[in-house]
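Understanding the architecture of this molecule
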Amino acid sequence: MLEGRPATRAPAPESHRRALAVVPPGMPPAADGERRELWLAAHFPRLPLHALLPATASARAAVVTAENDPRRGIVACNERAARQGIVAGMGLNAALALVPGLRVEERRPVAEAALLDRIARWALRFTPVVSIEPPCTVLAEVRGSLDLFGGAMALCRRALSGLQDGGLQALLALAPTPRGALWLARADLGLSVTQARAMPDIASRLPLSCLQWPAETVTALTALGIRNVADLLRLPRAGFVARFGPRLLDELDAGVGRRPEPRRRHIVPERFDEQHELPVETDAALILQPALERLLANLAAFLRLRASGIPGLRVDLLHRARTPTRIRIGLVRPAGDAAHLSGLVAERLARERLPAAVTAIRLRSGVLLPLSLRDAGLFERGQSADPEATARLLDRLRARLGQDAVFGVCPVPEHRPERAWRIAEPGGTTPLPGQWPVTRPERPLWMLVEPQRFDSWEGTLVTGPERIETGWWDGHDIRRDYYVALTRSGVRLWLFRERPPGSGWFLHGVFG
Amino acid sequence: MSDALAELLRHPALWQGGAGGEMPAAVPSGFRRLDERLPGGGWPLSTLVELLIPSAGIGEIHLLLPALRQLSLASPGEPRWIAWLAPPHLPYAPALADAGLDPARMLVIRPRAGLDLLWAMEQALRSGACTAVLGWIGAADNRALRRLKLAAEEGRSPGFLFRPAAHRKESSPAALRLVLAAHDDGLDVEILKSRGGMPSRIDRLSIH
């Protein structure tokens, strides 16, 4: 479902093609040795909207506003909002005045980048050469794919319908240079050019806005009476560089094909994804385990070839007519060793209660990370700790006991005893020892999470009081006199009394 | 002596009495009076040590602190863990730092079930990734303790077990068993069993 004007946008109308000396698709290669590339640009002017709202949410007027903008300027709006007079660049207050019940979302660049990445991945079905042009365009070199898809128009139509199915509104354009295609798509002319010679010819129809240059540059150019790209090309080159810098001239040259513009290719990271169908439906570990071992052995071989490790692993146990049981295993340190992974999976599997018999097992790796290879020592054996052993122990304990049952502790520079530490990821970095007030009286090795009332105790006070009176600024202020006490049974305790005295004793720590 | 027998005698789990027995590797406890009584001059490494205490908090951790400090300093290469299994309270990071132990190397493990506790302690000992493993284990049969001892030997990690003094009458495979009792001036230490040493007592060991 496409909002706005649909498919007519992408393929060039017949008349334009003739007027601009556009070579019909599928023609034999030009003999004059010109670089034979053809770039398809897919521009998504409403990408901020698509990234946040599903296409089905178009029943209500919706806008996306700029992030961290006090005016909350509108970046994109849906068709319904546009019909009610909202345009990009408007302030949110103006938009709300026009449409009181407006749905307002704040732009999320991360979601936009992820969507663009998905689109680029999808575009790989047309050609292996796909490149992302942030913030909202995907470029693809399609010359080699024209025959396969039945020509440029057929390819464009196919791409457009695919994007529409995904609920995306796209402006498509073809040009012999990636930047040229980008300009054409942004200019929304409904034009395509397939020959490099034709690029300067249509420059007069490309407005300055399609270049997306800095606002002050565009203002300066407009003041010079420059309205479109053709005017720009007529400017003396040396003067242009002196005034606006060499980068913009390079861009201009790249757009009209005077200068090559290498593009960074979008490469989909490799992942492991394999499924093993079980010979019988079962939930018996006796049958599941060997199947898993085989998959894990394949995974380990896959990783070894790439000298990579994985930071995590996903195991899906597929059932008949039921959602799969998903097991997710995180690793403390990227690993690629089958024995270690298999131990972890076995522990997790033992804890899992399967709702039904398993028909198949699917094993998926996350992203691959390069593994630092380590030489096995020639002479030392078993003496010092295997660098991986510490991480492995953590993985194994967590696989069986759960993530929260295994943790570390970390001191925090703070005078209130109960806030002077926190639970931390084991092995985290410790602040420099210089930060600690080492001259303070001894602290107990055991600390109670919460101080406990401790009224009826028998014994003697050994040292004290140590007055701790702080924290008034955040509402958790304490006013206490701490004492070290020795009980009858010989246990040394850390006790305190609230100030002013009278509220009795509290136990806060044990010296151990 | 036949080869098979010689091989059997080399087994790390087998201890031979008499002059043939080597001094076990040990780390000084930091308390001279205690070191004098212990074979090897300190806490034995790569095995199980049992500390029987009437109640938690009488100074049992202070008794270990100098050795823990030494062990964590001596460990070469990748820093290893000091594992705390099911401690009665949480170890207090600032106090650990004051005592010279790096809080980042502490690994606190609090399993929910008792069986998991023994399993976790065995894993920690066997992994070789811990400079020391401290475990608070109540009732455990001889077989479970023997497994822990084998794991400690395999992973070359000392395992310190803290158990209620009520268990002193039970037999235990631990290489060293001490009964601690609180005293105004420190600890009364009774050496109940010491592999390669003699049972004895140390009164009023000052630990602070």
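All values reported here derive from a predicted model rather than from experimental measurement.

A tally of helices and strands in chain B yields six helices and eleven strands. Counting over 208 residues, chain B shows a buried share of 49%.

This part covers the overall build of chain A. Scanning chain A for helices and strands turns up 16 helices and 19 strands. In chain A, which comprises 512 residues, the share counted as buried stands at 33%. Long-range pairs, those at least 24 residues apart, make up 59% of the contacts in chain A with a sequence separation of at least 6.

Before going further, it helps to examine the interface of chain B and chain A. Counting residues at the interface gives 43 residues for chain B and 44 residues for chain A. Contributions of two or more residues to the side of chain B that touches chain A are made by helix H3 (60-74), strand S5 (90-91), helix H4 (93-98), strand S6 (106-109), helix H5 (114-127) and strand S9 (176-183) of chain B. Its residues placed into classes, the side of chain B that touches chain A shows 24 nonpolar, eleven polar and eight charged. Relative to S5(B), strand S15 (residues 446-453) of chain A runs antiparallel, the two being bridged by two bridges. Paired with Met447(A) across the two strands is Leu90(B), which belongs to S5(B).

Ala83(B), Leu85(B) and Ile109(B) are the most contacted members of the largest nonpolar core, which has 88 residues in total. Of the residues forming this core, the biggest block, seven residues, is contributed by H3(B). Here Leu85(B) is in contact with Ile109(B), Leu117(B), Ala120(B), Met121(B), Ala124(B), Val133(B), Leu134(B), Gly135(B) and Trp136(B), once residues within four sequence places are set aside. Core analysis: the next-biggest nonpolar cluster, separate from the first, contains 55 residues, Leu40(A), Leu115(A), Leu146(A) and Trp183(A) among them.

All names here are of chain A. Direction vectors running N to C along helix H8 (residues 178-187) and helix H13 (residues 246-256) enclose 90 degrees, while the axes themselves pass 6 Å from each other. Considering the angle they form, H8 stands roughly perpendicular to H13. Side by side, H8 and H13 meet where Arg-179, Gly-180 and Trp-183 of the first sit next to Glu-251, Ala-254, Gly-255 and Val-256 of the second. Tallied by class, the residues present in the contact of H8 with H13 amount to three nonpolar, two polar and two charged.

Attention now moves to the sheet that holds strand S2 (residues 62-65) of chain A. Residue and element names in this part refer to chain A. Strand order in the open sheet formed by three strands is S3-S2-S4, and the pairing between neighbours is mixed. Looking at strand neighbours, the two that pair on one side only are strand S3 (74-77) and strand S4 (103-106), the edges of this open sheet. With strand direction ignored, the average angle separating the axes of adjacent strands in the sheet is 30 degrees. Examined bridge by bridge, S2 and S3 share three bridges and lie antiparallel to one another.

Attention now goes to the confidence of the model for chain B. Residue and element names in this part refer to chain B. On average, residues of chain B score 83 in pLDDT, and 89% of them reach the 70 mark or higher. Overall, residues 18-23 carries pLDDT values under 50, and its contacts beyond four positions in sequence, including any with other chains, amount to five contacts. Interface confidence for the predicted complex, expressed as ipTM, amounts to 0.82; the pTM equals 0.58.

The subject of this paragraph is helix H7 (residues 152-165) of chain A. Residue and element names in this part refer to chain A. The terminal C-alpha atoms of H7 lie 20 Å apart, and with 14 residues this matches the ideal 20 Å at 1.5 Å per residue to within 8%. Among the residues of H7, Ala-152, Leu-155, Cys-156, Ala-159, Leu-160 and Leu-163 are the ones counted as buried. For H7, the angular spread of the buried residues around the axis is 130 degrees, confining them to a single face. On the buried face of H7, the contacting elements are strand S1 (39-43), helix H6 (146-149) and strand S7 (171-175).

Pro134(A) connects to Pro135(A) through a cis peptide bond whose omega is 5 degrees. Note on placement: Pro135(A) falls in the loop between strand S5 (130-133) and strand S6 (137-141). Although it is not a glycine, Asp188(A) adopts a positive phi angle of roughly 55 degrees. Looking at the secondary structure, you find Asp188(A) in the loop between H8 and helix H9 (199-202). Despite not being glycine, Arg156(B) has its phi angle at roughly 55 degrees, a positive value. Counting through the fold element by element, Arg156(B) comes out in the loop between helix H6 (142-155) and strand S8 (159-164).

Next up on the list: the packing of H5(B) against H6(B). For any two helices packed against each other, one specifies the crossing angle of their axes together with the interaxial distance. Residues and elements named next belong to chain B. Where H5 meets H6, the axes come as close as 6 Å, and the angle between the chain directions of the two elements is 20 degrees. Judged on the interaxial angle alone, H6 and H5 are roughly parallel. Remark: the crossing between H5 and H6 carries left-handed chirality. Residue-level contacts link Leu-118, Met-121, Glu-122, Leu-125, Arg-126 and Ser-127 of H5 to Ala-144, Arg-147, Leu-148, Ala-151, Ala-152, Glu-154 and Gly-155 of H6.

Low pLDDT means the predicted atomic positions in that stretch should not be read closely. Counting all residues, the mean pLDDT for chain A is 80, and 87% of those residues have values of 70 or more. Note on residues 1-34 of chain A: pLDDT under 50 across the span, and 57 contacts to partners over four residues away in sequence or across chains.

Time to look at the sheet that holds strand S13 (residues 406-411) of chain A. Taken in spatial order, the ten strands make up an open sheet running S14(A)-S13(A)-S6(B)-S4(B)-S7(B)-S8(B)-S3(B)-S9(B)-S10(B)-S11(B), and their pairing is mixed. A single partner strand is all that each edge strand has here, and the edge strands are strand S14 (421-424) of chain A together with strand S11 (200-205) of chain B. Sheet twist, expressed as the average angle between the axes of neighbouring strands with direction ignored, equals 25 degrees. The sheet contact formed by strand S3 (residues 48-53) of chain B and S8(B) spans six bridges and is parallel. The partner of Glu50(B) across the bridge, within S8(B), is Leu161(B). Of the strands in this sheet, strand S4 (81-85), S6, strand S7 (130-136) and S8 of chain B touch H5(B), which is tilted by about 165 degrees from S7(B). Running over the sheet, H6(B) touches S3 and S8 of chain B and is turned about 135 degrees from S3(B).

Residues and elements named next belong to chain B. With 14 residues, H5 extends 20 Å from end C-alpha to end C-alpha; this agrees with the ideal 20 Å at 1.5 Å per step. The buried count for H5 comes to ten of 14 residues, which makes it a mostly enclosed element. Where H5 is concerned, the buried positions are Leu-117, Leu-118, Ala-120, Met-121, Glu-122, Gln-123, Ala-124, Leu-125, Arg-126 and Ser-127. Two residues or fewer after H5 comes Gly-128, characterised by a positive phi angle close to 70 degrees.

To continue, consider the pairing of strand S8 (residues 273-282) of chain A. Residues and elements named next belong to chain A. Counted residue by residue, S8 has zero buried out of ten residues, so it is predominantly exposed. As judged from the six bridges shared by S8 and strand S11 (residues 358-365), these two strands associate in the antiparallel manner. Counted as the bridge partner of Glu-274 is Leu-363 from S11.

Turning our attention to the environment of Val99(A). All names here are of chain A. Considering the arrangement of structural elements, one finds Val-99 in the loop between helix H4 (92-98) and S4. By C-beta crowding, Val-99 is classed as partly exposed, having 19 other C-beta atoms within 10 Å. It is 9.6 Å that separates the C-alpha atoms of Val-99 and Ala-62, two residues lying 37 residues apart in sequence. Non-local contacts of Val-99, meaning those with residues more than four positions away in its chain, are made with Ala-61, Ala-81, Gln-84 and Ile-86.

A word on the pairing of S9(B). All names here are of chain B. Examined bridge by bridge, S3 and S9 share four bridges and lie parallel to one another. Across the sheet, the residue bridging to Leu-52 is Val-179, located in S9. In this sheet, strand S10 (residues 186-194) lies alongside S9 in antiparallel orientation, the contact comprising eight bridges. When the sheet's bridge partners are listed, Ala-182 is paired in S10 with Leu-187.

Criteria and cut-off values
- Position numbers for residues start from 1 in each chain and track the written sequence from start to end.
- Going through the entries in the order they are written, you letter the chains from A and number the ligands from 1.
- Restriction of local features to residues with pLDDT of at least 70 applies here, the model being predicted, together with a cutoff of 80 or more for giving and counting side-chain atom pairs; totals for whole chains, interfaces and linings are based on all residues.
- Secondary structure follows DSSP: runs of H or I at least 4 residues long count as helices, runs of E at least 2 residues long count as strands, and numbering of each begins at the N terminus.
- The burial criterion counts other C-beta atoms lying within 10 Å of a residue's C-beta, which is placed from the backbone; the residue is buried at 20 or more, exposed at 12 or fewer, and partly exposed between these limits.
- We call two residues in contact if the C-beta atoms placed from their backbones are at most 7 Å apart.
- When residues are sorted by character, Ala, Val, Leu, Ile, Met, Phe, Trp, Tyr, Cys and Pro go into the nonpolar class, Asp, Glu, Lys and Arg into the charged class, and all the rest, Gly among them, into the polar class.
- Strand pairing is assigned whenever DSSP detects at least two bridges linking the two strands.
- To form a nonpolar core, buried Ala, Val, Leu, Ile, Met, Phe, Trp, Tyr and Cys residues must be joined through C-beta atoms within 7 Å.
- Whenever a helix is involved, its axis is fitted only over the stretch in contact; in every case the axis is a line through C-alpha atoms, and angles between N-to-C directions fall within 0 to 180 degrees.
- Throughout, the term roughly parallel applies to angles under 35 degrees, roughly antiparallel to angles over 145, roughly perpendicular to angles from 65 to 115, and oblique to all others.
- Summary of the metric used: pLDDT quantifies the predictor's per-residue confidence within the range 0 to 100.
- Expected span of a helix, by definition, is 1.5 Å for each gap between consecutive residues, and there is one gap fewer than residues.
- Arc definition: it is the arc formed by the directions from the helix axis to the C-beta atoms.
- Take the far helix as your reference; a near helix turned counterclockwise from it by less than a right angle gives a left-handed crossing, and one turned clockwise gives a right-handed crossing.

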